[in-house]
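Structural overview
Residues per chain, in single letters:
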Amino acid sequence: MSESSGVGRGKGVGLGLALGSAIAFGGSGVAAKPLIEAGLDPLHVVWLRVAGAALVMLPLAVRHRALLRRRPALLAGFGLLGVAGVQAFYFASISRIPVGVALLVEYLAPALVLGWVRFVQRRPVTPAAALGVILAVGGLACVVEVWSGLSFDAVGLLLALGAACCQVGYFVLSDQGSDSGADAPDPLGVIAYGLLVGTGVLTLVARPWTMDWSVLGGTAHMNGTPVAAPLLLSWIVLVATVVAYVTGVVSVRRLSPQVAGVVACLEAVIATVLAWVLLGEHLSAPQIIGGAIVLVGAFIAQSSAPAKGSPEPVAGGGQGRDLSTCSTVV
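Everything numeric in this text was worked out from a predicted model, so none of it was measured.

Conventions used here
- Residues numbered from 1 in each chain as written.
- Predicted model: local features only at pLDDT ≥ 70, side-chain atom pairs only at ≥ 80, totals over all residues.
- Heavy atoms only, no water.
- Helix = DSSP H or I, 4+ residues; strand = E, 2+ residues; numbered from the N terminus.
- Contact = heavy atoms within 4.5 Å.
- Areas by Shrake-Rupley, 256 points an atom, 1.4 Å probe, with all protein chains shown as cover.
- Buried < 20%, exposed > 50% of the residue type's maximum accessible area, 1.4 Å probe, protein only.
- Pairing = 2+ DSSP bridges.
- Expected span 1.5 Å × (residues − 1).
- Polar contact = N/O pair within 3.5 Å; in protein donor to acceptor, adjacent residues only side chain to side chain.
- Patch = residues over 30% accessible without salt bridge, like charges linked within 9 Å, V, L, I, M, F, W, Y side chains within 5 Å.
- Salt bridge = Lys/Arg side-chain N within 4 Å of Asp/Glu carboxyl O.
- Core = buried A, V, L, I, M, F, W, Y, C linked by side-chain atoms within 4.5 Å.
- pLDDT = per-residue confidence, 0-100.
- Phe/Tyr/Trp six-rings, centres within 6.5 Å; stacked < 30°, edge-to-face > 60°.

Turning to the overall build of the protein, a few remarks are in order. Check the secondary structure of the protein and you find 15 helices and two strands. At a minimum sequence separation of 6, the contacts of the protein that also span at least 24 residues come to 84%. Summed over its atoms, the accessible surface of the protein is roughly 13,800 Å², and 68% of this surface lies on carbon and sulfur atoms.

The following block contains the structure:
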């Protein structure tokens with residue numbers, strides 16, 4: 001087998017893994033919303049998701065226990081913002097606004113990251129990245145239909161924006177140590193400990209001992225169709241969290257950050273389509289067009305990122321591996 005064919009096969013596997021990650025992440029909201037509507041508090045659903053995934057990933061945490069000594073601040077920040085904050089705000093938002101809209105609002109995160117890079121780190125960004133941000137913000141205005149006087153659920157919108165802000169922390173922290181070569185923290189270890197830290201934080205906030213555990217033994221309704229609650233929870237924990245994180249990390253290693261990031265942008269499309277088909281959440285034509293504009297803006301901003309080590313201006317928030325992707329890890 002020639003070297004070029006081996007590289008091509010590796011890229012094909014990477015693309016498949018990236019697409020699988022986007023599908024897995026995109027399916028979290030449609031599985032969680034029926035549980036919320038069945039009587040579970042959004043924070044309780046988040047706790048079940050994160051705690052279940054942390055239990056599954058516990059062997060990896062034990063394997064990478066040296067990270068506790070080497071990068072305690074990174075693990076704490078990643079767990080607080082990248083896991084607990086993102087999940088809590090996102091699940092709370094989908095209890096008030098459509099899944100697709102909540103996820104599209106989170107696509108302000110790349111714009112906020114660029115704002116962090118430009119105004120906090122005082123590093124230049126490319127014109128293409130700035131154009132992508134403008135398109136993303138304009139598309140978001142269509143998604144929430146600002147011309148209707150912001151009749152959209154204001155609290156739900158603010159919760160989704162909170163998830164976007166936590167995503168900034170995820171992107172910034174993911175970039176820490178990415179240029180350390182062999183000393184860079186293993187992404188799987190960071191994810192495992194992030195889930196453990198997130199579980200600890202959410203346990204204090206969600207108080208799972210007050211949960212109505214009987215809901216998990218019954219059924220929830222997905223657009224009128226009864227579905228076993230344990231089945232929905234298993235999907236959220238095993239597929240939408242564990243599989244989604246692991247396949248996403250492996251795909252980034254096999255692909256360039258730009259390619260993996262573009263594929264990850266399909267998450268919003270997948271979530272919107274699944275919510276449309278499974279939950280009956282129909283979006284208006286302007287919202288669909290706005291969502292497409294948000295994705296185009298994210299695509300332009302992220303695909304304009306220079307290669308690692310390039311002296312060109314930064315686009316997408318930095319030159320680190322994970323910072324270049326636009327996955328919303330929900």
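Structure shown, so let's carry the discussion forward.
Let us look at the pairing of strand 1 (residues 219–222). Because side chains alternate across strand 1, one face comprises the buried residues Ala220 and Met222, and the other comprises Thr219 and His221, none of which is buried. Of the strand pairs in this sheet, strand 1 and strand 2 (residues 225–228) are connected by four bridges, and their pairing is antiparallel. When the sheet's bridge partners are listed, Met222 is paired in strand 2 with Thr225. Turn length for the strand 1-strand 2 hairpin, with the two strands adjacent in sequence and antiparallel, is two residues, and the turn residue Asn223 shows positive phi of about 55°.

In this section: the environment of Leu80. Positionally, Leu80 belongs in helix 6 (residues 72–94). Distance from Leu80 to Leu196, taken between C-alpha atoms, is 10.0 Å for residues 116 residues apart in sequence. Beyond its immediate stretch of four places on either side in the chain, Leu80 contacts Gly85, Val197 and Val201.

A rise of 1.5 Å per residue sets the reference length of helix 3 (residues 42–56), with its 15 residues, at 21 Å; its end C-alpha atoms lie 21 Å apart and thus fit the reference within 8%. The buried fraction of helix 3 is high, at 12 of 15 residues. Within the span of helix 3, buried status applies to Pro42, His44, Val45, Val46, Trp47, Leu48, Arg49, Val50, Ala51, Gly52, Ala53 and Ala54. The backbone nitrogen of Leu43 has a side-chain oxygen 2.8 Å away, supplied by the residue at the start of helix 3, namely Asp41.

Glancing now at a nonpolar patch on the surface. A cluster of nonpolar residues, Leu19, Ile23, Leu266, Val269, Val273, Trp276, Val277, Leu278 and Ile288, forms a patch on the protein surface that exposes about 700 Å² of accessible area. Going through the elements one at a time, helix 1 (3–26) and helix 14 (266–279) are the ones with two or more residues in the nonpolar patch. Counting residues per element, the nonpolar patch draws most heavily on helix 14, at six residues.

This paragraph deals with the nonpolar core. With 75 residues, the main nonpolar core has Leu35, Leu40, Val45, Tyr90 and Leu195 as its most contacted residues. Excluding residues within four positions of it along the chain, Leu35 makes contact with Leu40, Val45, Ala220, Ala229, Leu232, Leu233 and Ile236.

This part covers the confidence of the model for the protein. Averaged over all residues, the pLDDT of the protein is 77; the fraction at 70 or higher stands at 75%. When mean pLDDT is compared element by element in the protein, helix 3 scores highest at 94, while helix 13 (residues 257–264) scores lowest at 55. Confidence drops under a pLDDT of 50 for residues 306–328, and excluding neighbours within four residues, the segment shows 85 contacts in the predicted structure.

Turning to the side chain of His44, a few remarks are in order. By secondary structure assignment, the location of His44 is in helix 3. Given a relative accessible area of 8%, His44 falls into the buried group. If we skip the residues at most four places from it in the chain, His44 touches Ala206, Arg207, Pro208, Thr210 and Met211.

For the structure on display, the rule yields two aromatic pairs. Measuring from centroid to centroid gives 6.4 Å for Trp47 and Trp213, while their planes differ by 90°, and the two rings are edge-to-face. With a gap of 166 residues between them, Trp47 in helix 3 and Trp213 in the loop between helix 11 (187–206) and strand 1 connect regions that are remote in the sequence. On the basis of relative accessibility, which here comes to 16%, the residue Trp47 falls in the buried class.

In this structure, Arg207 is a non-glycine residue whose phi angle is positive, near 50°. Residue Asn223 is not a glycine yet carries a positive backbone phi of 55°.

Moving on, we come to the environment of Ser214. Turning to its location among the elements, Ser214 is positioned in the loop between helix 11 and strand 1. Taking the C-alpha atoms as reference points, Ser214 and Leu40, separated by 174 residues in sequence, lie 9.7 Å from one another. Within the local environment of Ser214, its side chain forms a polar contact with the side chain of Asp212, the two groups lying 2.5 Å apart.

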